[in-house]
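One-letter residues, chain by chain:
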Amino acid sequence: MREKKFAVISGGTGSSKLIRGFKEISRDFYVIVNVADNFWFYSLYVCPDLDITCYSLADISDKRRGWGLEGDTFNMVEQIGRLGFESWFKLGDRDAALSIVRTKLLKEGLSLTEVTSIISKALGIRQRVLPASDIHYETHVVTPQGEMHLQEFWVKFSGKPDVLDVVYRGIKAARLSEDAKRAILNAERIVICPANPVTSIMTILSLPEIKHIWTKSRAKKIAVSPIVGNRPFSGPACKFMKAKGFGCSSLDVARMYSGLVDTMVLHLEDSHLCREIEAMGMRCEATNTEISAVTSAAKLAERLLEI
Ligand code: FO1
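Residues numbered from 1 in each chain as written. Predicted model: local features only at pLDDT ≥ 70, side-chain atom pairs only at ≥ 80, totals over all residues. Heavy atoms only, no water.

Caption draft 1: Expanded view of the site of the ligand. Taken together, the neighbourhood of the ligand is formed by D37, P48, D49, W67, W88, F89, K90, L91, D95, Q151, W154 and V155. Between the ligand and the protein, one listed contact pairs an oxygen atom with a side-chain N or O atom of D37 at 2.6 Å. Taking K90, its main chain carries an N or O atom lying 2.9 Å from an oxygen atom of the ligand. Put simply, the ligand lies in the largest pocket. Counting residues per element, the ones that place at least two in the shell around the ligand are α2 (48-57) and α6 (150-156). Top element by residues in the shell around the ligand is α6. It accounts for three residues. (Near = heavy atom within 4 Å. Polar contact = N/O pair within 3.5 Å; in protein donor to acceptor, adjacent residues only side chain to side chain. 1 Å grid on protein atoms, 1.4 Å probe; cavity = no way out; pocket = protein on both sides within 12 Å on 5 of 7 lines; lining within 4 Å. Sits in = over half its atoms within 2 Å of the grid points. Helix = DSSP H or I, 4+ residues; strand = E, 2+ residues; numbered from the N terminus.)

Caption draft 2: Main features of the pattern of salt bridges. Counted according to the given criterion, the structure contains 18 salt bridges. With a closest N to O distance of 2.6 Å, K104 and E108 form a salt bridge. Among the ionic pairs, E209 bridges to K181, the shortest N-O distance being 3.6 Å. With E209 in the loop between α8 (197-205) and α9 (210-216) and K181 in helix α7 (residues 178-186), this pair connects stretches of sequence that are 28 residues apart. Through salt bridges with shared partners, a single ionic network connects E86, E152 and K156. (Salt bridge = Lys/Arg side-chain N within 4 Å of Asp/Glu carboxyl O.)

Caption draft 3: Structural view of the layout of surface pockets. What the largest pocket holds in volume is close to 790 Å³. Residue lining of the largest pocket: 37 residues in total, with G12, T13, D37, D49 and W154 positioned closest to the centre. For the lining of the largest pocket, the secondary structure elements donating two or more residues are α1 (13-25), α2, α6, α8 and α10 (237-243). Looking at the lining of the largest pocket residue by residue, the classes come out as 19 nonpolar, 13 polar and five charged. (Points joined across faces, edges and corners; volume = space filled by probe spheres on them. Nonpolar A, V, L, I, M, F, W, Y, C, P; charged D, E, K, R; others polar.)

Caption draft 4: The arrangement of a nonpolar patch on the surface in detail. Side chains of Y42, L83 and F85 sit close together on the surface and give an oily, nonpolar patch of about 350 Å² of accessible area. Its relative accessible area of 60% is what places L83 among the exposed residues. (Patch = residues over 30% accessible without salt bridge, like charges linked within 9 Å, V, L, I, M, F, W, Y side chains within 5 Å. Areas by Shrake-Rupley, 256 points an atom, 1.4 Å probe, with all protein chains shown as cover. Buried < 20%, exposed > 50% of the residue type's maximum accessible area, 1.4 Å probe, protein only.)

Okay, structure coming up:
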């Protein structure tokens, strides 16, 4: 086991695979997690990216679905449907238990950072899982049918509507959490996971004052592209990148992260893009970024701590 001060910037499903790899080789690291896809579901505060991070670190996640708990049941949400209410968000029964506890503690006045720390400990997690912010803000997708929360776009409408824009509602009033700030300043190395750049990563790197903290941090900053060729590993990254005026390739991911990272890591298939990326002033490394198996995730994690 390697002990090093490093932080991982993380979103949901794609990130959780790499996090499992890091857990194989290190017990002690920070995970700074996107919170802009959090939302209220029947009075419960649901935090999909925090939860998949915790479930992955506790090794109880549903790896096939990429969210929720392995072996969970959906009796609660099915009953909500039978009562004639909206049940498109399939919050599992045991998954809901976590949201019930979180909502109770938040209502008692604890911050999301404090609540996440309590939940992590209860799940036996040794790593520090840090919400990027303790203040709620939301990713909204602007479509021809109107503006909607990311969860509505992705789950209720299956990611089908055209995307005109993506906006972070409330971000100006949000702040990087104190613990996330400290992690960024103390880390020797920061790895940006292969996550959706628009809805998982820039939601964090666009927070007010982050520019100052990010520049002050002496950490080596490395980003892993979530795209191979023109295909994202999962999810609607391309639709969102296009709405933001980018194309859909690792080169475009590098353009988005230009000035924020020292090194771009991309899939071997995309190694021809390295020359153009290096011309942008970044280092570029092509390696196997396909990490569905935990052994390949650990191998990539190992490499990310070396370069
Ligand atoms: N994703 C789906 O595609 N369908 C669902 O019904 C669904 C339920 C769900 C419940 C709890 C949770 O933590 C995540 C859930 N997700 C579901 C995943 C989630 O919508 C997104 O993948 C993430 O927000 C993206 O980061």
